[in-house]
Amino acid sequence: MKVMIVEDEGLIALELERIAQDAGHQTVGPVSTVEQALAYAPKSDIALVDLSLSDGRSGAQLARRLIDRYGVDVIFVTGSPESVGNGIEGALDVISKPFTDDRIAGALSRAQALRRDFDGSNAIM
């Protein structure tokens with residue numbers, strides 16, 4: 001799976017990239033703004049998205065666009081998970097910072113399984 005890292009804190013972005021690659025995924029980015037993320041969206045299957053990006057608290061609006069326009073699955077990785085409230089329709093998970101390798105890798109694994117199931121059900125029709 002191609003995982004886009006949408007995170008404006010460099011060390012965290014590198015850590016997410018390492019975890020995704022160690023779990024066997026290709027990574028796109030990291031990117032730190034809505035504009036950059038939208039530019040890379042067509043090359044991505046899933047995005048790990050922080051709520052606060054370089055251009056403000058724009059992660060939630062970005063997620064909505066990634067899901068609706070590009071069919072990119074979204075997992076939020078944020079220091080303020082309460083800001084997501086009851087979630088955003090179509091987002092797969094909300095992971096709190098600080099996170100563990102297992103938590104990120106597990107969420108990516110579940111996302112990949114959901115994608116496989118969805119793709120498989122479409123192929124039958």
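Structure's up top.
Attention here is on the structure that accompanies the text. (Residues numbered from 1 in each chain as written. Predicted model: local features only at pLDDT ≥ 70, side-chain atom pairs only at ≥ 80, totals over all residues. Heavy atoms only, no water.)

Re the side chain of Asp50
Threshold: A run of H or I in DSSP becomes a helix once it reaches four residues, and a run of E becomes a strand once it reaches two; helices and strands are each numbered from the N terminus. Under the rule applied, a polar contact is a pair of N or O atoms within 3.5 Å (in protein, one hydrogen donor and one hydrogen acceptor; residues adjacent in sequence only if both atoms are side-chain atoms).
Here Asp50 shows up in the loop between strand 3 (46-49) and helix 3 (59-70). A distance of 3.1 Å separates the side chain of Asp50 from the side chain of Lys97, its partner in a polar contact.

Focus: the pattern of salt bridges
Note the threshold: A pairing counts as a salt bridge when a side-chain nitrogen of Lys or Arg comes within 4 Å of a carboxyl oxygen of Asp or Glu. Exposure is judged per residue with a 1.4 Å probe applied to protein chains only, and the accessible area is read against the type maximum: over 50% gives exposed, under 20% gives buried, and values in between give partly exposed.
Taken as a whole and judged by the stated rule, the model has 9 salt bridges. Residues Asp50 and Lys97 are paired through a salt bridge, measuring 3.1 Å at the closest nitrogen-oxygen approach. Of the two residues, Asp50 sits in the loop between strand 3 and helix 3 while Lys97 sits in the loop between strand 5 (91-96) and helix 4 (101-124), which places them 47 residues apart along the sequence. Lys97 shares its class with Asp50; the two are buried.

Re the environment of Arg57
To keep things clear, this is the line we draw: Contacts are residue-level and defined by heavy atoms, with any inter-residue pair within 4.5 Å sufficient.
You can see Arg57 is positioned in the loop between strand 3 and helix 3. Leave out the neighbours within four places in its chain, and Arg57 touches Leu51, Ser52, Ser80 and Ser83.

Some remarks on the nonpolar core
Going by this rule: Here, nonpolar core refers to any group of buried Ala, Val, Leu, Ile, Met, Phe, Trp, Tyr and Cys residues whose side-chain atoms link them within 4.5 Å.
Among the nonpolar cores identified, the biggest contains 21 residues, and Met4, Val6, Val49, Leu62, Leu66 and Phe76 are the most heavily contacted of them. Elements with a contribution of two residues or more to this core: strand 1 (2-6), strand 2 (26-31), helix 2 (34-40), strand 3, helix 3 and strand 4 (73-78). If one sorts the elements of this core by residue count, helix 3 sits on top with 4 residues. Discounting residues that sit within four places of it in the chain, Leu62 has contacts with Val6, Val34, Ala37, Leu38, Val49 and Leu53. Core analysis: the next-biggest nonpolar cluster, separate from the first, contains 18 residues, Ile12, Ala20, Leu48 and Ala111 among them.

Shape descriptors only; they carry no functional weight alone.
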